[in-house]
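For reference, the chains in residue letters:
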Amino acid sequence: MNIEIANRLVQLRKENGLSQEALAAKLGISRQAISKWERAEASPDTDNLMALAELYGMSLDALLNTANDQYVLDSGEQEADKDEKKVKKEKTELQKKAIKMFKFPFPLFVVLIFLAFGFAANLWHPAWLVFLLIPIYYHLAGALCVTNKKARLLAMPVPEVALLVYMCFGILANLWSPTWIVFLVIPLYYWLVASFYKGDKKEKDAPEEEK
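Values in this document were obtained by computation on a predicted structure and should not be read as measured data.

The rules behind each value
- Along each chain, numbering runs from 1 in the same order as the chain's sequence is written.
- Only residues with pLDDT of 70 or above have their local features reported here, since the model is predicted, and side-chain atom pairs are shown and tallied only from 80 upward, although totals for entire chains, interfaces and linings are computed over all residues.
- No hydrogens and no water enter the side-chain calculation; it runs on all heavy atoms of the structure.
- Helix and strand assignments follow DSSP, with helices taken as H or I runs no shorter than four residues and strands as E runs no shorter than two, numbered in order from the N terminus.
- Multiplying 1.5 Å by the helix residue count minus one yields the expected span of that helix.
- Think of it in three bands: with a 1.4 Å probe and only protein chains considered, a residue is buried below 20% of the maximum accessible area for its type, exposed above 50%, and partly exposed in between.
- For this quantity, the arc is that covered by the directions from the helix axis to the C-beta atoms.
- Criterion for a salt bridge: a side-chain nitrogen of Lys or Arg within 4 Å of a carboxyl oxygen of Asp or Glu.
- Each Phe, Tyr or Trp ring, with Trp reduced to its six-membered ring, pairs with another whose centre is within 6.5 Å; inter-plane angles below 30 degrees give stacked pairs, above 60 give edge-to-face pairs, and intermediate values give tilted ones.
- Cavities and pockets were defined on a 1 Å grid built from protein atoms only: a cavity is a group of points that admits a 1.4 Å probe but offers it no way out, a pocket is an open group of points flanked by protein on both sides within 12 Å along at least five of seven lines, and a lining residue is one with an atom within 4 Å of any such point.
- Grid points are joined across faces, edges and corners, and a volume is the space filled by probe spheres set on the points.
- The definition of a nonpolar core used throughout is a set of buried Ala, Val, Leu, Ile, Met, Phe, Trp, Tyr and Cys residues joined through side-chain atoms within 4.5 Å.
- Between two residues, a contact is recorded if the distance between any of their heavy atoms is within 4.5 Å.
- Patch definition: residues above 30% relative accessible area lacking any salt bridge, with like charges linked at up to 9 Å and the nonpolar side chains Val, Leu, Ile, Met, Phe, Trp and Tyr linked at up to 5 Å.
- We get accessible surface area from the Shrake-Rupley algorithm with a probe of 1.4 Å; when it comes to residues, only the shown protein chains can shield them.

Engineer: Give a description of helix α1 (residues 3-15) that names residues and reports values.
Structural biologist: Across its 13 residues, α1 extends 18 Å between first and last C-alpha, which sits within 8% of the 18 Å expected from 1.5 Å per residue. Among all positions of α1, only Ile 5, Ala 6, Leu 9, Val 10, Leu 12 and Arg 13 are buried. On an axial view of α1, the arc spanned by its buried residues comes to 165°, and they lie on one face. Opposite the packed face of α1, turned more than 90 degrees from it, sit the exposed residues Glu 4, Lys 14 and Glu 15.

Engineer: Give me the pattern of salt bridges: which residues, what numbers.
Structural biologist: Per the stated rule, a full pass over the model turns up 3 salt bridges. Notably, a salt bridge pairs Arg 13 with Glu 38, separated by 2.5 Å at the nearest N-O pair. Of this pair, Arg 13 sits in helix α1 while Glu 38 is found in helix α3 (residues 31-38), placing the two residues 25 residues apart along the sequence. Residue Arg 13 is classed as buried on the basis of its relative accessible area, which comes to 9%. Residue classification places Glu 38 among the buried residues on the basis of a relative accessible area of 11%. Glu 21 is the salt-bridge partner of Arg 31, the closest N and O atoms lying 3.8 Å from each other. Of this pair, Arg 31 sits in helix α3 while Glu 21 is found in helix α2 (residues 20-27), placing the two residues 10 residues apart along the sequence. Residue Arg 31 is classed as partly exposed on the basis of its relative accessible area, which comes to 29%.

Engineer: Describe the packing of aromatic side chains, naming the residues involved and giving the relevant values.
Structural biologist: Tallied over the full model, the rule gives 12 aromatic pairs. Where Tyr 189 meets Tyr 190, the ring centres are 5.4 Å apart and the plane angle is 75°; that geometry is what we call edge-to-face. Accessibility expressed as a relative area gives 21% for Tyr 189, which makes it partly exposed. The structure contains a cluster of three or more aromatic residues connected by ring pairs, namely Phe 102, Phe 104, Phe 106, Phe 109, Tyr 137 and Tyr 138.

Engineer: Please provide a residue-by-residue account of empty space enclosed by the protein, values included.
Structural biologist: Taken as a whole and judged by the stated rule, the model has 1 cavity of 30 Å³ or more. Size it by volume and the largest cavity reaches roughly 40 Å³. Every residue lining the largest cavity is listed: Leu 9, Leu 23, Ile 34, Trp 37, Glu 38, Leu 52 and Tyr 56. No other element matches α3, which puts 3 residues into the lining of the largest cavity.

Engineer: Could you give an account of the nonpolar core, with specific residues and numbers?
Structural biologist: Counting 17 residues, the largest nonpolar core has Leu 52 and Leu 63 as its most contacted members. In terms of residue count, the dominant contributor to this core is helix α4 (residues 46-56) (4 residues). Setting aside its immediate chain neighbours within four residues, Leu 52 contacts Leu 9, Leu 23, Leu 27, Trp 37 and Leu 63. Residues Leu 94, Met 101, Ala 127 and Val 130 belong to the second largest nonpolar core, which totals 12 residues.

Engineer: Requested: an account of a nonpolar patch on the surface, with residues and values cited.
Structural biologist: Judged by side-chain polarity, Leu 108, Val 111, Leu 112, Leu 115, Phe 119, Trp 124 and Phe 131 come together as a nonpolar surface patch covering roughly 640 Å² of accessible area. Per-element tally for the nonpolar patch: the top contributor is helix α7 (residues 106-121), with 5 residues. Relative to the elements of secondary structure, Leu 115 occurs in helix α7. Residue classification places Leu 115 among the partly exposed positions, given a relative accessible area of 33%.

Structure below.
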């Protein structure tokens, strides 16, 4: 992107009384991305250009002032835009699932199951194990909110699942002794994820851009 268009983006943002942080929030991107546009180090993709034009109440040509100049993304920028769209799409889908999970009254659902087992079959004692599903459920929902895949895997409720498995085998089958081995899965899981899951370049850059 040429410096003239970069300067125009700066001018339009300031004329509309927006900081880089405020504009980034309206577009759903990082402040660093706005900063790169305004320093002519990167170019906004078509979707972001249309969003900017709509935000400023003007046409795309007026936004870019392209009466005499033609705005063209080079091949490298186009590939970067495709990757960014892919990450943003994945992020949106996972966050939608997480929002649905948070809105669902899961604790009430668990209480109803507990009461059903208790009153219907007088299984109050083992039925209380269903309450261990609550932290598992919400930790899973929280993990889906994490955009970086490696961090998402590290946020999974592995310790809670291991505890639930241990308690179920111990209480229901009296297998306390051999079942404790399941706890060895916890450090093994985190070590495997931290050591061998590298992720792609976009994911490595994401934490820095989202600060």
